[in-house]
Amino acid sequence: MNFGLTPEQEELQRSARRFLQAEWPPAAAHAVFAANHDGYPRELYGRMAQLGWMGVLAPREASGLGGSFLDAALLTEELGRAAVAGPYLANTLAVWALRQVGSGVAKHWLPLLASGQSIGTFAWFEGDSQTWPVALQTRLTLGRFGIRVHGVKRFVLDAHVADAMLVVGLVVSAGRRSTAVVVVPGSQQGIKIRTMDDVDRTRRIHEVEFDGVTVPRRSLIALGTSADRLLARVYDAAAVLLAADSLGGAQKLLEMTVEYAKVRQQFGRPIGSFQAIKHRCAEMVAQIEPARSLVWYAAHAIDALPRQAACAASLAKGHLSEVYVSVAESALRVHGGIGFTWEHDLHIWFKRAQWNRYAFGSPERHRERVAQELRW
């Protein structure tokens, strides 16, 4: 099997790398760690929207690029390589979900999110869980004139800048409990947003309380089996995108480490000339390169191999998030004490690696999911 990138995809990745090297240097990533920064670089996102990145997965008739999931994964890899802050992941997952459904409210929001005029996010995790499925407590009460949303969601990405939240809850009717997804405007009355502390400031997570929020019945985009299928696909998409982000971040750490080993002198010669440092860098390469094919295959499976998508997504997420953490630890050991300092770039990617490891399920959870998919 000859599986590789098309010339168009190679050019997409090269152009994204050039753009982010010019528009998002490490100093920009440092800036989002300041206490007064909201983590949403609007000027950068305006340019990304002009390039069509916010709607890479949306169809062209909805102001999108009509790209494949592998296109989105390649862009995400470059965003991870540059440690770009902001709601790209949250918005892309919302676009991906709205693309799956054909309701009127989805058609209303999809062009807005794809063009960057609005930002979307998912609100589905509760308690201390960042995995799916989860025991839902949030209730969606279907009434004659609308839907009342009552509950507390946690680990909601970029809720503070979201114009539309796709809220996952339970509908209880005639003794039956069904999963449902509704679109709630971020400006709706009854929403309270509280920031959650986290190690990675390039991502912002929140606790969102819905206190009797009421939306029209047409805001319901999935119910019952269709909601379960939709959420499974979005969970797979999140796993693949985070794997791609981890791949880009690990590659960046390797490059930083090799460059440092070339110039840092010890005992009168570069530390890169020492066997222990050579082995450390070689191990980093050996971890990263085989993992690249896992990401590409998982992204391809999302579009073309739906029966294998869940297994491939969990394999990629579980493995890449551990590779990212391991490479970050190796990079710290080569850099020594300077790598721990706030002023050095390394801590940005180190913290992002920790976040990627647990977001949308730990490696252990994804390995368990693979075992279930393969009926081991």
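Residues numbered from 1 in each chain as written. Predicted model: local features only at pLDDT ≥ 70, side-chain atom pairs only at ≥ 80, totals over all residues. Heavy atoms only, no water.

**Quick word on the packing of aromatic side chains**
- For the structure shown, the criterion picks out 11 aromatic pairs.
- Ring plane angle 80° and centroid distance 6.4 Å describe the contact between F267 and F274, whose orientation is recorded as edge-to-face.
- Of the aromatic side chains, those joined through ring pairs into one cluster are F122, W124, F125, W132, Y235 and F360.
- Taking the ring centre of F155 as reference, the NZ or CZ of R154 above it sits at 5.4 Å. (Phe/Tyr/Trp six-rings, centres within 6.5 Å; stacked < 30°, edge-to-face > 60°. Lys NZ or Arg CZ within 6 Å of the ring centre and 35° of its normal.)

**What to know about the environment of L157**
- Locating L157 in the fold gives a position in strand β3 (residues 147-157).
- According to the relative accessible area criterion, L157 is buried, its value standing at 7%.
- With sequence-adjacent residues up to four places away left out, L157 is seen in contact with L89, A90, T121, F122, R203, R204, I205, W355 and F360. (Helix = DSSP H or I, 4+ residues; strand = E, 2+ residues; numbered from the N terminus. Buried < 20%, exposed > 50% of the residue type's maximum accessible area, 1.4 Å probe, protein only. Contact = heavy atoms within 4.5 Å.)

**Focus: helix α8 (residues 275-304)**
- For α8, with 30 residues, the first-to-last C-alpha span of 44 Å sits near the 44 Å given by 1.5 Å per residue.
- The complete set of buried residues in α8 reads I277, C281, M284, I288, A291, R292, V295, W296, A298, A299, A301 and I302.
- At its buried positions, α8 is contacted by α4 (69-82), α5 (88-100), α7 (225-263) and α9 (306-335). (Expected span 1.5 Å × (residues − 1).)

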